[in-house]
Amino acid sequence: MTDFKQKTVVVAMSGGVDSSVAALLLKEQGYNCIGITMKLWDYELVGGNVNHESGCCSLDSINDARQVCAKIGIPHYVLNFSREFHESVVDNFIAEYLEGKTPNPCVLCNTKIKWQTLIERAQELGADYIATGHYARVVHNAQTQRYELWQGKYKEKDQSYALWGIKQSSLARTLFPLGALTKPEVRAIAEKYGLKTASKKESMEICFVPDNDYRRFLTQVVDGLEEKVKDGELVTVDGETVGQHKGYPFFTIGQRRGLGRGFGKPMYVVETDPRHNRVVIGDEKYLYSTELIARSVNFISIPHARGGVKCQVKIRYKSPAAPATIYSMEGERVRVVFDAPQKAVTPGQSAVFYDGEKVLGGGIIESFKRATEE
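None of these values were measured; they are calculated from a predicted model.

Rules and cut-offs
- Sequence order sets the numbering: in each chain, residues are counted from 1 along the sequence as written.
- In keeping with the model being predicted, local features are shown solely for residues with a pLDDT of at least 70 and side-chain atom pairs are shown and tallied solely at 80 or more, while totals for entire chains, interfaces and linings include all residues.
- Side-chain calculation: all heavy atoms of the structure are included, whereas hydrogens and water are not.
- Put simply, a salt bridge is a Lys or Arg side-chain nitrogen that is within 4 Å of an Asp or Glu carboxyl oxygen.
- Only DSSP runs of H or I with at least four residues qualify as helices, and only runs of E with at least two residues qualify as strands; both kinds are numbered from the N terminus onward.
- A 1.4 Å probe rolled over the protein chains alone gives each residue an accessible area, and that area as a share of the maximum for its type sets the label: buried under 20%, exposed over 50%, partly exposed in between.
- In protein, a polar contact means a hydrogen-donor-capable atom and an acceptor-capable atom, both N or O and within 3.5 Å, with residues adjacent in sequence counting only if both atoms are side-chain atoms; elsewhere, any N or O pair within 3.5 Å suffices.
- Contacts are assigned to residue pairs that have any heavy atoms within 4.5 Å of one another.
- Paired strands, in this sense, are two strands between which DSSP finds at least two bridges.
- Axes here mean lines fitted to C-alpha atoms, for a helix over just the part in contact, with angles spanning 0 to 180 degrees between N-to-C directions.
- Here is the rule: rings of Phe, Tyr and Trp (six-membered ring for Trp) pair when centre to centre is within 6.5 Å. Planes less than 30 degrees apart are stacked, more than 60 are edge-to-face, and the remainder are tilted.

### Remarks on the pattern of salt bridges
- In the structure shown here, the tally under the stated rule is 22 salt bridges.
- The closest approach of N and O atoms between Glu 87 and Arg 83, which form a salt bridge, is 3.6 Å. You can see Glu 87 and its partner Arg 83 sitting in helix 4 (residues 82-98), four residues apart, about one turn around the helix. Just as Glu 87 is exposed, Arg 83 falls in that class too.
- We note a salt bridge from Lys 157 to Glu 202, for which the minimum N-O separation is 2.9 Å. In this pair, Lys 157 is assigned in the loop between strand 6 (146-151) and helix 6 (168-171) and Glu 202 in the loop between helix 7 (183-192) and helix 8 (214-221), connecting sequence segments 45 residues apart.

Next up, the structure:
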């Protein structure tokens, strides 16, 4: 076994089974491990405490991480990143919804907190690496001298979609111990070593919206929001007013519920208009787009996309990757042209570019070109 005793790694410990096993495996490999739990937010500030503080960032989760660290024999610390998290993630989440977009806060948390703030703190501790329990892989390409991000081997749990924002300098100092494992294998390892988190359930909601009700969250944190956005116009793509809605921030592209009845056919949200507090609806054909523009693009495995790069693009975490060509634009933006129209391209979500299992890069969807416009 390779001896890593001279290498120190900070392991992000959420109190779940994945990060627990990540720390265990690194300790078994001989790394000098330090368990770190990041305190990112407080229940009294975000509300929706349906789990009685048993979810992420709760006292229970912190104690679970501490007990796992004690079990495997590594130190454990809690670091308060709540200010950085609120400024970088929560404020952005609120602002994006108020602009009529549908953000993915996990992407920003990974980019700004786990792979920026945490790495800076790890450096202060003299650590060589940081590690997490994500199902993804880091591969060093000797020919290009770039660190590449690859999907996890266990496709049912692959989390590369939310990691596209990691920079080269950070990826070079990142370890993903679970990249080649399946979830059942991870739980089996935890059970074998008697870790408390072996059978702990996964949390699927946005961490700072523990009741999974973002509408409740927005109305709680934005003073007077319901009053400001109520009674907005519900209009068709042709401009006909067909009803009222309770506020554009509470709708997302592709949504069918909450639009009322009497249209004679299924109708969907195809656009939101924050400036005029309108929600635009249409039948299914208006959901398809041939192109999109993505901003804040970060290329990982390639330096740029000048001249056009053929790849596969995912427009949301659970969607299949679709064949497309990406073209670099000015200002860290790209134009994505799909081989076939894609359904419900949503501003605020991430467009992530793949070459098979390899992540080329990604960006935030800024706008789209509807197929009916051609």
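### Details of the side chain of Gln 255
- Residue position: Gln 255 is located in the loop between strand 9 (241-245) and strand 10 (268-273).
- The class of Gln 255 is buried, set by a relative accessible area of 15%.
- Looking at Gln 255, its side chain comes within polar contact range of the main-chain oxygen of Arg 257, at 3.0 Å.
- Leave out the neighbours within four places in its chain, and Gln 255 touches Arg 215, Phe 250, Met 267, Tyr 268 and Val 269.

### A look at the sheet that holds strand 4 (residues 129-131)
- Pairing in this open sheet of five strands is parallel, and the strands run 3-2-1-4-7 from one edge to the other. Pairing within the sheet leaves two strands with one partner each, and these edge strands are strand 3 (76-80) and strand 7 (174-175).
- Across five bridges, the pairing between strand 1 (residues 8-12) and strand 2 (residues 32-39) is parallel. When the bridges of strand 2 are listed, Val 10 appears paired with Ile 34.
- Strands in contact with helix 1 (residues 17-29) are strand 1, strand 2, strand 4 and strand 7; relative to strand 1, the strand with the most contacts, it is inclined by about 165°.

### Description of the packing of aromatic side chains
- On inspection of all chains with the given rule, the structure shows eleven aromatic pairs.
- A ring pair is formed by Tyr 97 and Tyr 214, whose centres lie 4.4 Å apart and whose planes are at 20°; its orientation type is stacked. In this pair, Tyr 97 is assigned in helix 4 and Tyr 214 in helix 8, connecting sequence segments 117 residues apart.
- We classify Tyr 214 as buried; its relative accessible area is 13%.
- Where Trp 115 meets Phe 176, the ring centres are 6.0 Å apart and the plane angle is 55°; that geometry is what we call tilted. You can see Trp 115 sitting in helix 5 (residues 105-124) and its partner Phe 176 sitting in the loop between strand 7 and helix 7, a full 61 residues away along the chain.

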